[in-house]
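Understanding the architecture of this molecule
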Amino acid sequence: MKPTLSQLIARVESNNCKQAVRHEPGFTKYVTARAVGNCIAAFKAKGAYMNKATATEICKMSFGLYQIMGENIYTVCEYKGTIFDFVADEDAQLLAFAKYCFNRKILYPLNEILNDKAKREHFALRYNGSRAYAETLMQ
């Protein structure tokens, strides 16, 4: 049985580890006040204090099966829970992946990613920020 797009990305990004985490130091310029505020609000809703510096660092990290940036988890994906809830919940991660792909206009069927170089490169650029990422999807 052929994998789905989400299964391919989970394998490529995290080797199917739902608790994978990576700091992305080059992502600094993309962190928005909205994402930081949403991250702080998610922790506040649980009764926990989260300061701006910590929330900013969370936004500069990628998480979970699909290695979605914290910035995107709290904006594009519209996630409302804490980052700890997110990495513990595969269903939330899959929903975030689907929302991210839909909102970024890259929700392609896997066969189109594999068989159409233009769509593969479009996906790679919008998902990872690099056309070179397209080649990792073919391995």
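See the structure shown above.
Residues numbered from 1 in each chain as written. Predicted model: local features only at pLDDT ≥ 70, side-chain atom pairs only at ≥ 80, totals over all residues. Heavy atoms only, no water.

Details of the environment of Asn-115
Assignment of secondary structure puts Asn-115 in helix α7 (residues 110-115). Expressed as a C-alpha distance, the spacing of Asn-115 and Val-12, which sit 103 residues apart in the sequence, is 18 Å. (Helix = DSSP H or I, 4+ residues; strand = E, 2+ residues; numbered from the N terminus.)

Comments concerning the nonpolar core
A general tendency of soluble globular proteins is for nonpolar side chains to be buried together. Counting 42 residues, the largest nonpolar core has Ile-9, Tyr-74, Phe-123 and Tyr-127 as its most contacted members. Setting aside its immediate chain neighbours within four residues, Tyr-127 contacts Ile-9, Glu-13, Tyr-66, Ile-68, Phe-97, Tyr-100, Ile-106 and Tyr-133. (Core = buried A, V, L, I, M, F, W, Y, C linked by side-chain atoms within 4.5 Å. Buried < 20%, exposed > 50% of the residue type's maximum accessible area, 1.4 Å probe, protein only. Contact = heavy atoms within 4.5 Å.)

Focus on the packing of aromatic side chains
Applying the stated criterion to the full structure yields eight aromatic pairs. Measuring from centroid to centroid gives 5.9 Å for Phe-43 and Phe-84, while their planes differ by 90°, and the two rings are edge-to-face. On the criterion of sequence distance, the pair formed by Phe-43 in helix α2 (residues 33-45) and Phe-84 in helix α5 (residues 83-88) is long-range, its members being 41 residues apart. By relative accessible area, Phe-84 is classed as exposed at 59%. With 5.8 Å between their ring centres and 65° between their planes, Phe-97 and Tyr-127 make a pair best called edge-to-face. (Phe/Tyr/Trp six-rings, centres within 6.5 Å; stacked < 30°, edge-to-face > 60°.)

Describing the pattern of salt bridges
Using the criterion set out here, one finds seven salt bridges in the structure. Two residues, Glu-24 and Arg-22, come together in a salt bridge whose shortest N-O distance is 3.4 Å. Connected through salt bridges with shared partners, the residues Glu-13, Arg-22 and Glu-24 form a single ionic network. (Salt bridge = Lys/Arg side-chain N within 4 Å of Asp/Glu carboxyl O.)

Points about the sheet that holds strand β3 (residues 68-69)
An order of β1-β2-β3 is seen for the three strands of this open sheet, with the pairing classed as antiparallel. Taken across any chain shown, the strands that pair with only one partner, and hence form the sheet edges, are β1 (21-23) and β3. As paired elements, β1 and strand β2 (residues 61-63) share three bridges and run antiparallel to each other. Residue pairing in the sheet places His-23 in a bridge with Met-61 of β2. (Pairing = 2+ DSSP bridges.)

Everything listed is a geometric property; what it means functionally is a separate question.
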